[in-house]
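Architecture and fold: a report
One-letter residues, chain by chain:
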Amino acid sequence: MSNCVVVGINWGDEGKGRMVDLLSSDKDVVVRYQGGGNAGHTVINEKGKFALHLLPSGIFRDGVVNILGNGVALDPENLLNEINSVRAQGVDITPDNLKISDRASLLLPWHRELDELEELRLADKKFGSTKQGIAPFYSDKYQKKTILAGELLHNPKLKEHIADLLEWKNLTITRVYGAEAITMEEIDKWLNDYCEQIKPFICDTGAFLANAQKSGKSIMFEAQLGSLRDLDYGIHPYTTSSNTLASYAPIGSGFPGAKLDEIIGVVKAYSTCVGEGPFVGEMDGDEATKLREAGGEYGAKTGRPRRVAPIDIVATKYGTRVQAATCIALTKMDVLSYMDKIPVIVKYDVNGEETDEFPFPSLLNDAKAVVTYMDGWKTDISGCRKWEELPKAAQDYVLYIEKAIECPIKYVSVGPERDSIIIR
Ligand code: GDP
């Protein structure tokens, strides 16, 4: 029995889903504990290629129970669509292998609309929201203006509760944004079309997790996005609206007493970032296009081209520290195989002063990357399965990063498929 959490060290899209899919083989339970359907995990295994948004990445493993914890933004419409599309690819999803926390708050039909209205109002000052309603959802959750999933089962006055919220929210929609009010008929349709269908999955997952642990089961917690998008520790205000850190896993999962034996931080062999905000050392022109193409760096949810940069030691060291990672999985090493020289951001120059400490967020706009270059290996490494099979230059790259971020790199991923991995 041991618990572990898989988290992103950087801006997200590091390959967490790929690592959860791999490492859940000896786990009994996989829990998503924060975030919503606004980002995507791509998983490739013997069952096919899947783009997951809200479903935990343990969903492909027979015998693994997957849980959506109280900390997630539970969007019934998107979840149902995702369940149906993964089922259509031949994966069994039943209340036996998917459970939704009765304490998860529901992302309501107006949250996505509010996201859209606010991005329109912000115009060129926008944050690059994925418009999935995540920020309005979490704001309302903390104002206690949401519905808990368990209310679909247990609250005889559910309709009244929603009608009260709707009356309040329509004030914002009509008076602040001048848009059309949402009607109770639309809400009824949403309840019928989506909420009814997810009801069989809703239960007391806190009790389930406590029992699982008592009977010696192993639990894996799965995060969305990465350290630099954490609401409290990230690059404010270009963060997400939830805590992406490992230390939030016990709270957001429904198992507040959980002990985390292993914290696996996922780092990509280069940097990518989606949306607006500072991104030190960002590449442009041909250099960027080549890396983006080599890595297939287009958003799983939005299709947006991701911004690219060299691996950033300053940000990665900080991300590793705030996650308290016990080991690292370095992904997408194979993507760098075309490079003669591999750039590495070793320090920042902030207003003439060099530092390897990650600066206060607003100082990031003044930070310039100090870059060094390492030798490339210029050979296909995607078939390597043992450390000794990696060319020396690739080993040196891994060892350099490991030393610089002060955390052991236990896994080196050389391809998107489940078995394209080197375990050290
Ligand atoms: P997540 O949100 O952290 O799970 O990451 P994403 O799924 O958004 O992005 C990671 C992408 O990289 C996915 O398309 C994966 O299939 C792919 N991927 C993961 N590891 C590797 C690897 O080692 N090599 C290559 N070429 N692709 C990888």
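Use the structure listed above.
Residues numbered from 1 in each chain as written. Predicted model: local features only at pLDDT ≥ 70, side-chain atom pairs only at ≥ 80, totals over all residues. Heavy atoms only, no water.

The next subject is the overall build of the chain. On a plain count of helices and strands, the chain comes out with 12 helices and 20 strands. Rg of the C-alpha trace for the chain: 22 Å, near the compact-globule value of 22 Å for 424 residues, within the 12% margin. Dimensions of the chain along its principal axes, counting C-alpha atoms only, are 65 × 50 × 35 Å. Of all 424 residues assigned to the chain, the portion counted as buried reaches 57%. Long-range contacts, defined here as pairs at least 24 residues apart, represent 76% of the contacts in the chain between residues at least 6 apart. Averaging the positions of the 49 positive and the 61 negative side-chain charges in the chain gives two centres separated by 2 Å. (Helix = DSSP H or I, 4+ residues; strand = E, 2+ residues; numbered from the N terminus. Rg over C-alpha atoms; globule rule 2.2 N^0.38 Å. Buried < 20%, exposed > 50% of the residue type's maximum accessible area, 1.4 Å probe, protein only. Contact = heavy atoms within 4.5 Å. Lys, Arg positive; Asp, Glu negative; His and termini not counted. Charge placed at Lys NZ, Arg CZ, Asp CG, Glu CD.)

For the rest of this paragraph, the subject is the side chain of N66. Among the secondary structure elements, N66 is positioned in strand 5 (residues 65-68). At a separation of 3.4 Å, a polar atom in the side chain of N66 contacts the main-chain carbonyl oxygen of V64. Ignoring anything within four residues of it in the chain, the contact list for N66 reads V30, P56, G58, I59, N97, L98 and K99. (Polar contact = N/O pair within 3.5 Å; in protein donor to acceptor, adjacent residues only side chain to side chain.)

To describe two helices that pack against each other, one gives the angle between their axes and the distance between the axes. In the contact formed by helix 3 (residues 109-122) and helix 6 (residues 158-176), the axes pass within 11 Å of each other and the chain directions differ by 10°. Our classification of the angle between helix 3 and helix 6 gives roughly parallel. Contacts between helix 3 and helix 6 involve W110, E113 and L114 from the former and I162, L165, L166, K169, T172 and I173 from the latter. Residue classes in the contact of helix 3 with helix 6 are distributed as six nonpolar, one polar and two charged. (Axes fitted to C-alpha atoms, helices over the stretch in contact; angles between N-to-C directions. Parallel < 35°, antiparallel > 145°, perpendicular 65-115°, else oblique. Nonpolar A, V, L, I, M, F, W, Y, C, P; charged D, E, K, R; others polar.)

A few words on the site of the ligand. G17, H41, T42, D334 and S413 are the nearest of the 18 residues found near the ligand. In this structure, an oxygen atom belonging to the ligand sits 3.3 Å away from a side-chain N or O atom of R306. A distance of 2.8 Å separates a nitrogen atom of the ligand from a polar atom in the side chain of D334. For the ligand, whose unbound accessible area comes to 590 Å², protein coverage reaches 91%. Spatially, the ligand is embedded in the second largest pocket. Among the elements of the structure, helix 1 (16-23) and strand 3 (41-45) are those that each provide at least two residues to the shell around the ligand. Among the residues forming the shell around the ligand, the class breakdown is three nonpolar, eight polar and seven charged. (Near = heavy atom within 4 Å. Areas by Shrake-Rupley, 256 points an atom, 1.4 Å probe, with all protein chains shown as cover. 1 Å grid on protein atoms, 1.4 Å probe; cavity = no way out; pocket = protein on both sides within 12 Å on 5 of 7 lines; lining within 4 Å. Sits in = over half its atoms within 2 Å of the grid points.)

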